[in-house]
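# Architecture and fold: a report
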Amino acid sequence: MQSLQSVNEFVIKFANVNGTGSASANNLFAKAIFRMGVPVCPKNIFPSNIQGLPTWYEVRVSERGYLGRRGGVDIMLSVNPQSMPQDIREVEPGGYFIYDNTKPLDLRLVRNDVNIIGLPLTRICNDEYKDPRQRQLFKNVIYVGALAALLDMDFAVLTGLVSDQFKGKDKLILPNIHALELGYQYAKENFACPIGVRVRTADKVGDKVLLDGNTALGLGAIYGGATVAAWYPITPSTSVVDAYEKYAKRLRIDPGTGRKNYAIVQAEDELAAIGMVVGASWNGARAFTATSGPGLSLMAEFLGLAYFAEIPTVLFDVQRAGPSTGMPTRTQQSDILAAAYASHGDTKQVLLFPSTPKECFDFGALSFDLAERLQTPIILMTDLDLGMNDNMSEPLEWDDERRYDRGKVLNAEDLDRMERFGRYLDVDGDGICYRTIPGTHPEKGAFFTRGTSRDEYAVYTERGEEYAKNMQRLLAKWETIKEWVPKPIEQDCGQDTDTAVLYFGTSEESAREALDYLAEDGLRINAMRVRAFPFNRDVEAFLERHERVFVIEQNRDAQLRTLLMAEFELGPDKLKSVLCYDGTPISARNIRQQILQQMPGHNVTPLRRDRLVSAAGE
Amino acid sequence: MSYQIPKFRHPDLPVNELGYTRADYEGAISTLCAGCGHDSISGSIVRACHELNLEPHRIAKLSGIGCSSKAPTYFLGKSHGFNSVHGRMPSVVTGAAMGNRDLLYLGVSGDGDTASIGMGQFAHAIRRNLNMVYIVMNNGCYGLTKGQDSATADEGSASKKGDPNPFSAIDLPGLALQLGATFVARSFSGDKGQLVPLIKAAMSHRGFALIDVVSPCVTFNNNAGSTKSYEFVREHAEATGTVDFVPMREEITAHYAPGTGTEVTLHDGSVLHLEKLDEELDPFDRLSAMVAIEKHRAAGEILTGLIYIDKDSRDLHDVLETSRRPLNTLTEEDLCPGNKVLANINSSLR
Ligand SMILES: Cc1ncc(C[n+]2csc(CCOP(=O)(O)OP(=O)(O)O)c2C)c(N)n1
Ligand code: SF4
Ligand SMILES: [Mg+2]
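Residues numbered from 1 in each chain as written. Chains lettered and ligands numbered in written order. Predicted model: local features only at pLDDT ≥ 70, side-chain atom pairs only at ≥ 80, totals over all residues. Heavy atoms only, no water.

In the neighbourhood of ligand 2, the contacting residues comprise Leu32, Cys33, Cys36, His38, Cys67, Asn139, Cys217, Val218, Thr219 and Phe220 of chain B. Taken together, the residues of the shell around ligand 2 break down into seven nonpolar, three polar and no charged. (Near = heavy atom within 4 Å. Nonpolar A, V, L, I, M, F, W, Y, C, P; charged D, E, K, R; others polar.)

Here the focus is the environment of Glu270 of chain A. All names here are of chain A. Here Glu270 shows up in helix α9 (residues 270-282). On the accessibility criterion, Glu270 (6% relative accessible area) is buried. Taking the C-alpha atoms as reference points, Glu270 and Ser510, separated by 240 residues in sequence, lie 33 Å from one another. (Helix = DSSP H or I, 4+ residues; strand = E, 2+ residues; numbered from the N terminus. Buried < 20%, exposed > 50% of the residue type's maximum accessible area, 1.4 Å probe, protein only.)

A few words on the interface of chain A and chain B. Many structure descriptions define interface size as the accessible area lost when the parts assemble. In this assembly, 69 residues from chain A lie in contact with 63 residues from chain B. Between chain A and chain B, the buried area comes to about 5500 Å², and carbon and sulfur atoms account for 59% of it. The tally of links between chain A and chain B comes to four salt bridges. Residue Arg128 of chain B is joined to Glu268 of chain A by a salt bridge in which the shortest nitrogen-to-oxygen separation is 2.6 Å. Viewed at the interface, chain B and chain A are joined by 28 residue pairs in polar contact (both at pLDDT 80 or more). (Contact = heavy atoms within 4.5 Å. Buried area = accessible area lost by both parts, 1.4 Å probe. Salt bridge = Lys/Arg side-chain N within 4 Å of Asp/Glu carboxyl O. Polar contact = N/O pair within 3.5 Å; in protein donor to acceptor, adjacent residues only side chain to side chain.)

All right, on to the domain arrangement of chain A then. Residue and element names in this part refer to chain A. Assigned domains within chain A: domain 1 (6-198), domain 2 (211-393), domain 3 (409-484) and domain 4 (489-598). On a C-alpha basis, the centres of domain 1 and domain 2 stand 35 Å from each other. On the domain 2 side, the residues contacting the 13 residues of domain 1 number 10 residues. For the domain 1 and domain 2 pair, buried surface summed over both sides reaches about 1000 Å², with 56% attributable to carbon and sulfur atoms. (Domains from an automatic or database assignment.)

This paragraph deals with the sheet that holds strand β23 (residues 532-533) of chain A. Residue and element names in this part refer to chain A. Taking strand neighbours across the sheet as the criterion, the seven strands line up as β11-β10-β12-β13-β15-β14-β23 in an open arrangement whose pairing is mixed. Looking at which strands have only one partner, the edges of the open sheet turn out to be β11 (263-266) and β23. Here strand β10 (residues 228-231) pairs with β11 via four bridges, running parallel. Looking across to β11, one finds that Ala230 is bridged to Val265. Set on the sheet, α9 makes contact with β10, β11, β12 (287-291) and β13 (313-319); between it and β12 the angle comes to about 160 degrees. On the sheet, helix α11 (residues 300-309) packs against β13 and β15 (377-383) and is oriented at approximately 135 degrees with respect to β15. (Pairing = 2+ DSSP bridges. Axes fitted to C-alpha atoms, helices over the stretch in contact; angles between N-to-C directions.)

A cluster of nonpolar side chains, namely Leu107, Val110 and Ile116 of chain A, defines an oily patch on the protein surface of about 270 Å² accessible area. Tracing the chain through its elements places Val110 of chain A in the loop between β6 (91-100) and β7 (115-119). (Patch = residues over 30% accessible without salt bridge, like charges linked within 9 Å, V, L, I, M, F, W, Y side chains within 5 Å. Areas by Shrake-Rupley, 256 points an atom, 1.4 Å probe, with all protein chains shown as cover.)

Moving on: the sheet that holds β7 of chain A. Residue and element names in this part refer to chain A. With respect to topology, six strands assemble into an open sheet ordered β3-β4-β2-β5-β6-β7, the strand pairing being mixed. Every interior strand has two partners, whereas the edge strands, β3 (40-45) and β7, have only one. For this sheet, the mean inter-axis angle between neighbouring strands, taken without regard to orientation, is 15 degrees.

Turning our eyes to something else, we now look at the side chain of Ser313 of chain B. Residues and elements named next belong to chain B. Among the secondary structure elements, Ser313 is positioned in the loop between β13 (302-309) and α10 (316-320). A polar contact of 3.2 Å, which involves the side chain of Ser313, links it to the side chain of Asn129. Apart from residues lying up to four places away in sequence, Ser313 is in contact with Asn129, Thr182, His205, Arg206, Gly207 and Asp318.

Moving on, we come to the state of the cysteines. Residue and element names in this part refer to chain B. Across all of its chains, the model carries zero disulfides over all chains by this definition. With no disulfide partner, Cys49 has as its closest neighbouring cysteine sulfur the one in Cys36, 19 Å distant. Residue class for Cys49 comes out buried when judged on its relative accessible area of 0%. (Disulfide = S-S within 2.5 Å.)

Around ligand 1 sit 18 residues, and of these Cys67, Ser68, Gly112, Asp113 and Gly143 of chain B come closest. Mapping the residues near ligand 1 onto chains gives chains A and B. Ser68 of chain B places a polar side-chain atom, nitrogen or oxygen, 2.7 Å from an oxygen atom of ligand 1. In this structure, an oxygen atom belonging to ligand 1 sits 2.7 Å away from a main-chain N or O atom of Gly143 of chain B. For ligand 1, whose accessible area on its own is 590 Å², the fraction buried by protein is 76%. Elements with a minimum of two residues in the shell around ligand 1: α2 (67-70), α4 (111-115) and β5 (141-142) of chain B. Of all the elements, α4 of chain B adds the most residues to the shell around ligand 1, at three residues. Across the shell around ligand 1, the residue classes tally to six nonpolar, nine polar and three charged.

What follows covers the packing of aromatic side chains. Under the defined criterion, the tally for this structure stands at 28 aromatic pairs over all chains. Ring geometry for Tyr129 of chain A versus Phe138 of chain A: centroids 4.9 Å apart, planes at 20 degrees, classification stacked. As far as the burial class goes, Tyr129 of chain A and Phe138 of chain A line up, both buried. Through successive ring pairs, a cluster of aromatic residues spans Tyr244, Tyr262, Phe288, Phe316 and Phe368 of chain A. The side chain of Arg420 of chain A reaches across the aromatic face of Tyr457 of chain A, ending 3.6 Å from its centre. Between the NZ or CZ atom of Lys61 of chain B and the centre of the ring of Phe75 of chain B, over which it lies, the distance is 5.9 Å. (Phe/Tyr/Trp six-rings, centres within 6.5 Å; stacked < 30°, edge-to-face > 60°. Lys NZ or Arg CZ within 6 Å of the ring centre and 35° of its normal.)

With that settled, the discussion passes to the nonpolar core. All names here are of chain A. Core analysis: the biggest nonpolar cluster contains 142 residues, and Phe288, Phe316, Leu502, Leu560 and Leu564 have the highest contact counts within it. Apart from residues no more than four positions distant in its own chain, Leu564 is found in contact with Leu502, Phe535, Val539, Leu543, Val551, Glu569, Leu570 and Leu575. Ranked by size, the runner-up nonpolar core spans 61 residues in total, among them Ile117, Val141, Ala146 and Leu182. (Core = buried A, V, L, I, M, F, W, Y, C linked by side-chain atoms within 4.5 Å.)

Structure representation (structure tokens):
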């Protein structure tokens, strides 16, 4: 058998039982590689359950900087007998299967083309610890120690991390280091270390940070000046508000009075949550809510009101697999259409598509400026993959000169200078009208906000011409919006080509990697990452320039493609779909495969292993 | 269509301390049916605000959907208003109140808007003791959708359509007490003498103040056999007592015989004088208030007046410990921690 050989390019997957404390040990492993200067991307694959079901943690290690899912597993560390049959099947030929051999492996599972490494984790723990909880927790730390030996990791980095992690709880430092050493020693004494796959200190991380998208969003809301957060708990969005609260407690307490410069209300449901955001924004405070698919469905009526009455509203949708409750702890990009056209009647909503934690922070803060500038809901579409996993990201930055853009708001002096205020009067010709905040002026500027039709002066009317004129103005505003939302990012392959890919959000890393594979296959294609809806003119021009555009997305129904077809009146033959909707993030191999399959004259050649390893940098 | 009320004013209309006439608190001409109870309630709101010397622009009036929820168009024309979506006014007020604690929030709703589609939001606004006045214009039916029974229609009561309602009624004051409301009153649109001081007291209360106002729908539910008709209510209303409201700065004129009533000093310093008629009700005791409601209900009577008040109530801002400065007045200086802090956060993520 030929064993896989690779330095700093591999995929390792941990198979655990949830609720057993494996998350922090696995995290320790990934962070150690990050601190060794090697790009890393860990992904949690967890059940909708608190204790007892299988959970996985997949870590992509890539000195070349590929941070998406590649597909396939080179090393499987399996401590969950329940998922073992499936786990061992997933290992690449020549890969490594590491398991707890306190109980012998079922002979029927044994594969001859995989290296099998047994660590008696349960036995070591039973010998070492009396307390059952300790036995369980340290088992995880012990396998991290063993991996350090097997993969030739820098042990000092691990001990340094443990010390950082337990700062303030110093009693825990030594026992954890001891557990690491137990594993390390066992592996050293019983195996030829290192194995074929190794980690070597590098300098490919720079000043990057390891951060999940939801924390970045919470911080974006802090920096963007949000003072009111209203929400109803739902995975995978809960940690957005958790992060906002954590940082608000630290950074938003008035030093003089000790009182809070923010208010968080846990609402009775998502309808109420968005209603609170609408109320606060109407009153001139910056407010947001965070939710996922089921909550978005409930919020539809209010989103229509905010669209029609033109109330700034910020909503973060951390998407998960639908429909209905779907797979609540798995990722998808499947709320695109529901969000873009949220609510009955002719509505169109502004969407932002971040693809990194840095963009979550930037777009999160930007949402508040855009909502007030454009006086409409801004729905930031992230997903579970970006939101709940640590992602390697550019560091966060804030320009201290930056002022919040409060948009077109009239104060008392403005009103004094005016003949008559018209809330829905398009004075500037850009479709965006002036608004007033309640309580501004004793005599002027008050109006009735409503979801019913009204004239330019906010007086109720059922006259068809007035209604139609207002709807037309909203379309004119839609054109203006195209100038304000983040522009797409194009990547030119440097050659003449009639083929392109277009993607958004978390498909970016895998798409980039797939394009490199395809280049090796001899296929050069241009790429565009869209970052907002409405699409601006660059997107239209890009589509026009190419014969064939593959739209990569993580849902069944090709929702972004539908949106492109609807907005640009394109025929279906130009736009091809590359889809993934099994609840896992789309992988580079999957993208390559689907593109090749649809290329005229190209026969699909499954990637051969040797080629993959070379693609992986060895 | 709404019509603006003609601007011509009689020169000697009485003005309040702010120099405003009562007309300055009015709104557009009502388009509700002539005789609709809701219009009388609007009139009481106008009177209460005028007499309380409130600055109209410091009041925000919010509602859901229904004939009742249209009513805010017909009073307080100088105030910002928000006609939101059906049953969801409480959440909009919650957000608005979080954003600016310094305005007076007046919520107007119907019995359909509150007791059916909006029941959840109503209940949770009470639990949070949101600082607002919540007026239910209660006609026992859905006026705007042409008279279907609502959840506050009494069992056996028949609307114009004729069939007696087979379901038990939700009693909003009783429910509010159970949910922890800190100010609970009931009144009748036709009894301004009672309603106006109750509105004033509710506006001076810190916390959630519910006034359930029976407000007959002349078009669909004012017939014989309805328990929400003018006639039935006039005959069956039992007042807890008389209520007189004395604003903060006014002296209490000593026209009450000593020992005949109770004086309550409200949060803003105004005084409520309660002249009790109901011997058993103690309006400072929640249990007593709940018992009184049920007893009168069992007797086929409608208990009106101030039913319960907790004058030391803590509102949502007190509980959350939010800044005393309205959150909507805070600027970058107060809100944005700046790049240096962010650099430290970055370091903690490496
Ligand atoms: C989501 C939704 N469902 C239904 C309606 C239709 N609708 C409008 S008003 C109303 C009932 C109003 O009853 P109530 O609150 O008692 O007000 P009233 O007209 O009796 O004053 C209904 C069902 C609506 N506007 N929105
Ligand atoms: S239908 Fe009934 S509730 Fe509606 S305006 Fe007419 S009388 Fe009032
Ligand atoms: Mg009604």
